[in-house]
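Given next are the chains, with one letter for each unit.
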Amino acid sequence: MTNSKLYRRNYIPCLMSSSADDTVPSMINPYVEYVAGREPLEIIAATAGELASFIRTVGPEGLEQSLAPGKWSGREIICHLADCEIVFAYRLRQTLAEGHHVIQPFDQDQWAANYGVYDAPSALAVFSSLRRWNIALIESLPSAAMSKKVMHPERGEMTFRDVVETMAGHDINHLNQLKAIAERIGGEEK
Ligand code: NI
């Protein structure tokens, strides 16, 4: 599917989106329940391995499967995670570098319009590399940096730590979708 309106209508609202019809609750991290008190750094450190496992499990044909017409395929979800990691990389650094950084939302459906040209292993390579880069940055910071303020124009003021927790919750949300795809096509998570 390449019609962005299909994505918008059928896809689970994503906190990366600036879409006006997103219906996620207005809170700092709409996916906070996914994190559920776990250490966000541990969650985000495991995601690349889980994506690699998904790719191995479902195979090339399985990567093109989605949960319903108009929803992203597994490959497209991994492309989305790679693109989001670019965004998170910028947001983390700008939050640290500026006095009160204002986040710039983006339209995930417009970004997804190009996903037909990307393969899943390439998307995973981008995600894995950037994720390692981001974790190296986060781990290097003094604890005081976690409370550095940043403003999201749609969700209000948050902290650097909230951005990291958002990464974790966003990961889990999409990993759950991939798990559902693998179960749908009969694959087993490794
Ligand atoms: Ni998303």
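Before reading on, note that the structure itself is shown above.
These numbers come from a predicted model, not from an experiment.

**Side note on the overall build of the protein**
Next up, step 1: Each helix and strand in the protein was counted, giving 7 helices and 3 strands.
Next up, step 2: Taking the intrachain contacts of the protein between residues at least 6 apart in sequence as the baseline, contacts between residues at least 24 apart amount to 78%.

**Comments concerning the packing of helix H4 (residues 74–97) against helix H6 (residues 120–140)**
Next up, step 1: In contact at an axis separation of 8 Å, H4 and H6 are set at 25° when each is read in the N-to-C sense. Our classification of the angle between H4 and H6 gives roughly parallel. Handedness of the H4/H6 crossing: left-handed. Every residue of H6 that contacts H4 at Arg75, Ile78, Cys79, Leu81, Ala82, Glu85, Ile86, Phe88, Ala89 and Leu92 is listed here: Ala120, Ala123, Leu124, Val126, Phe127, Leu130, Arg131, Trp133, Asn134 and Leu137.
Next up, step 2: Residue composition of the contact of H4 with H6, by class: 16 nonpolar, 1 polar and 3 charged.

**Details of the pairing of strand S2 (residues 149–152)**
Next up, step 1: As defined by bridge partners, strand S1 (residues 101–102) adjoins S2 across 2 bridges and the pair is classed as parallel. Among the inter-strand pairings, His101 is bridged to a residue of S2, identified as Val150.
Next up, step 2: Of the strand pairs in this sheet, S2 and strand S3 (residues 156–159) are connected by 4 bridges, and their pairing is antiparallel. Residue pairing for S3: Val150 is matched across the bridge by Met158.
Next up, step 3: Between S2 and S3, which pair antiparallel in sequence order, lie 3 residues.

**Notes on the nonpolar core**
Next up, step 1: In this structure, Ile78, Leu124 and Phe127 are the most contacted members of the largest nonpolar core, which totals 38 residues.
Next up, step 2: Contributing elements (two or more residues each) for this core: helix H3 (40–62), H4, H6 and helix H7 (160–184).
Next up, step 3: Here this core takes 10 residues from H7, the largest share from any one element.
Next up, step 4: Look past the residues within four positions of Leu124 in its chain and what remains in contact with it is Ala48, Leu51, Ala52, Ile55 and Ile78.

**Let's talk about H7**
Next up, step 1: Helix length check: H7, at 25 residues, gives a terminal C-alpha distance of 37 Å against a target of 36 Å (1.5 Å per residue), a fit within 8%.
Next up, step 2: A positive phi of about 90° marks Gly186, the residue just after H7.

**Overview of the environment of Val32**
Next up, step 1: By the secondary structure assignment, Val32 is in helix H2 (residues 32–35).
Next up, step 2: Spatially, the C-alpha atom of Val32 lies 7.3 Å from that of Glu165, the residues being 133 residues apart in sequence.
Next up, step 3: Beyond its immediate stretch of four places on either side in the chain, Val32 contacts Glu165 and Gly169.

**Remarks on the packing of H3 against H6**
Next up, step 1: Running from N to C, H3 and H6 cross one another at 165°; their axes reach a closest spacing of 10 Å. Taken together, the axes of H3 and H6 lie roughly antiparallel to each other. Between H3 and H6 lies a crossing of left-handed hand. Across the interface between the two elements, Leu41, Ile44, Ala45, Thr47, Ala48, Leu51, Ala52 and Ile55 from H3 touch Ala120, Pro121, Leu124, Phe127, Ser128, Arg131, Ile135 and Ile138 from H6.
Next up, step 2: In terms of residue class, the contact of H3 with H6 is made up of 13 nonpolar, 2 polar and 1 charged.

Quick notes on the rules
Residues numbered from 1 in each chain as written. Predicted model: local features only at pLDDT ≥ 70, side-chain atom pairs only at ≥ 80, totals over all residues. Helix = DSSP H or I, 4+ residues; strand = E, 2+ residues; numbered from the N terminus. Contact = placed C-beta atoms within 7 Å. Axes fitted to C-alpha atoms, helices over the stretch in contact; angles between N-to-C directions. Parallel < 35°, antiparallel > 145°, perpendicular 65-115°, else oblique. Left-handed = near helix turned anticlockwise from the far one by under 90°. Nonpolar A, V, L, I, M, F, W, Y, C, P; charged D, E, K, R; others polar. Pairing = 2+ DSSP bridges. Core = buried A, V, L, I, M, F, W, Y, C linked by C-beta atoms within 7 Å. Buried ≥ 20, exposed ≤ 12 C-beta atoms within 10 Å, placed from the backbone. Expected span 1.5 Å × (residues − 1).

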